[in-house]
Every structure is written in C-alpha cells, then in structure tokens.
Amino acid sequence: MAGLTIIIPTLNEEEFIEQAIMSASFADEILIIDSFSRDRTLDIAKKHRVTVCQRAFDNFSSQKNYAIDRASHEWIFILDADEVIIPELQKEITSEIRKAGPHKAYEVKTVRMFMGRQMKYGTAKNDTKTLLFQKQHARFGAKLVHENLVVEGSRGALKHYILHYTYRGFDHFVSKKNHYAWLQAREMFDKGKKANIFHILVKPPFRFFSEYILKRGFMDGFPGFVNAYINSYGVMTRYIKLWLLQHQQK
C-alpha cells in the first residue's frame, strides 16, 4: 500500500504545533520543515515521532517543494501548523489512498476558527485547498504567497475538512497580514505591476464592502467585522509596499 507523508511547515508555532502533530499521527511519516524557529516549536515537535529538516525561509512555494523532495512516501498532505485534521478526514484520507483511484490530487475543505468562532461567511465561505496529492504528479508554482499547486492529472474532492485556527492574538494577525503584504508586493513588482492612487484609495474599501456586505461577513458577528476590516487593511498595505518598492524605499 502507498504510504503517506504529512508535511508541516513551521516558524515559531509553539502554540499550535502539538495539536497539528497529534492530528497527523495516523500518517506513515510526519515531516517538519522549519524556518529556524526561535521559540519552543522544535522542542515540542521532537517529543513526537517526526522528522525535522530546516531551511531559511524565502517563500512558501520553495519551502514546501523542498520538503516534498525529502518526503519518504508516495502521497503527500500539506498541513499548516495552525490546522487540525479531524478524525473523519483522517479515515477518508487513508481510504482514498488504499483505493488507488484515478485522481492524482484531492481538494479539502477548510473550516476557519477566528476569535473563538467558526466562520461561515465572508472570505471563509467555501474555502478549499488542494492538500493531498501524489508526490510525482504535483509541484508548487512560482507564487510567493497563496501558493498554487500545479497537478498533472485529475483532482478529486474529499468530503470532510480541516480546522484552521487563524487567530492567536490581534497583534499576530496584523503582523501576518503585513508579512503576506510584503510577499505579494514583491511578487507584483517582479511582474512589472505598479501601484497608483486607485489601488490605495478604492480597492481597500471595496474589499471591505465585498467581504462584509456582499459576502455577508456581518453574519459572523464582531469577528466577521474584524476579519473584513483587517483584510481590507492588508490590501491597502500591499499596494503601499508595492509603491515603496517602485521608489526603492522600505
């Protein structure tokens, strides 16, 4: 039977890493790809049956491809350190691998937990990612953030989901948005795109309106407001950072 490696990228994930590892314990191998964490992430991880490799972070795609090359098994599942594979999904993954069906990859639903609430609207609605795939038929593309998995062959969809704990404090959430904004700005800059006043003044409020009103983020209560507001802030900072790159400033 084909084996399964679950890859968990980490950088200072001491708060969540243990629950991620525990939910991945059904796999044949758990591979931690760490970007030189400065907290207790690796101390916690090494208490469990894991393989650890370290690499300086440059972008998400390269980091994950590096880990894929070092995986020992045919099937790969990518699990972020703040995500949990529920028991029903564990069984479904094992079953699909045993079937050896026609699909080379599978999409998985993500249920977001934010500020103690399960998010059902806004950008959280219908959130799916291709997380399970055969090593020889998939590779992450060149995008620096929100990386895309390029699959040679058909994709299926699993019924069950992972839990994604996106919130571990307001400062961390804003810091994460700033980190993504720099990566996205660099990606756009490398493609020759330029920021203008429209991007900075119009796109952020429209993002808030789209997420909070059109996609009914208000149905998620105060967490829905915070999520939409910070996401619109992320759009604004992305284009400000692009403008700074254009003018060779930081």
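Everything below is about the structure shown above.
The sections below set out a description of the structure shown in this document. Because the structure is a prediction, the values reported are computed rather than measured. (Residues numbered from 1 in each chain as written. Predicted model: local features only at pLDDT ≥ 70, side-chain atom pairs only at ≥ 80, totals over all residues. Heavy atoms only, no water.)

## Observations regarding the packing of aromatic side chains
Counted by the stated rule, this structure contains twelve aromatic pairs. Between F16 and Y165, the aromatic rings sit 6.0 Å apart at their centres with planes inclined by 25°, giving stacked as the arrangement. Residue F16 is located in the loop between strand 1 (4-10) and helix 1 (17-23), and its partner Y165 is located in strand 11 (residues 155-165); the two are separated by 149 residues in the primary sequence. Counting every residue linked through ring pairs, the aromatic cluster contains F208, Y212, F218, F222, F225 and Y229. One Lys or Arg, R70, reaches over the ring of Y66 and ends 3.5 Å from the middle of that ring. When the ring centre of F114 is taken as reference, the NZ or CZ atom of R112 above it lies at 6.0 Å. (Phe/Tyr/Trp six-rings, centres within 6.5 Å; stacked < 30°, edge-to-face > 60°. Helix = DSSP H or I, 4+ residues; strand = E, 2+ residues; numbered from the N terminus. Lys NZ or Arg CZ within 6 Å of the ring centre and 35° of its normal.)

## Focus: helix 4 (residues 87-99)
Side chains three or four residues apart in an α-helix point the same way, a direct result of the helix having 3.6 residues per turn. The end-to-end C-alpha separation of helix 4 is 19 Å, in line with the 18 Å expected for 13 residues at 1.5 Å each. Residues L89, Q90, E92, I93, E96 and I97 constitute the buried set of helix 4. One side of helix 4 carries all its buried residues, which in axial view fall inside an arc of 165°. Looking at helix 4, the residues exposed on the side facing more than 90 degrees away from the buried face are K91, R98 and K99. Phi turns positive, to about 55°, at A100, one or two residues after helix 4. (Expected span 1.5 Å × (residues − 1). Buried < 20%, exposed > 50% of the residue type's maximum accessible area, 1.4 Å probe, protein only. Arc of directions from axis to C-beta.)

## Considerations on the pairing of strand 4 (residues 75-78)
Residues W75 and F77 of strand 4 are buried on one face, and the alternating residues I76 and I78, pointing to the opposite face, are buried as well. As paired elements, strand 1 and strand 4 share four bridges and run parallel to each other. Note that in strand 4 the partner of L4 across the bridge is W75. (Pairing = 2+ DSSP bridges.)

Scope: geometric values only; no functional claims are made or implied.
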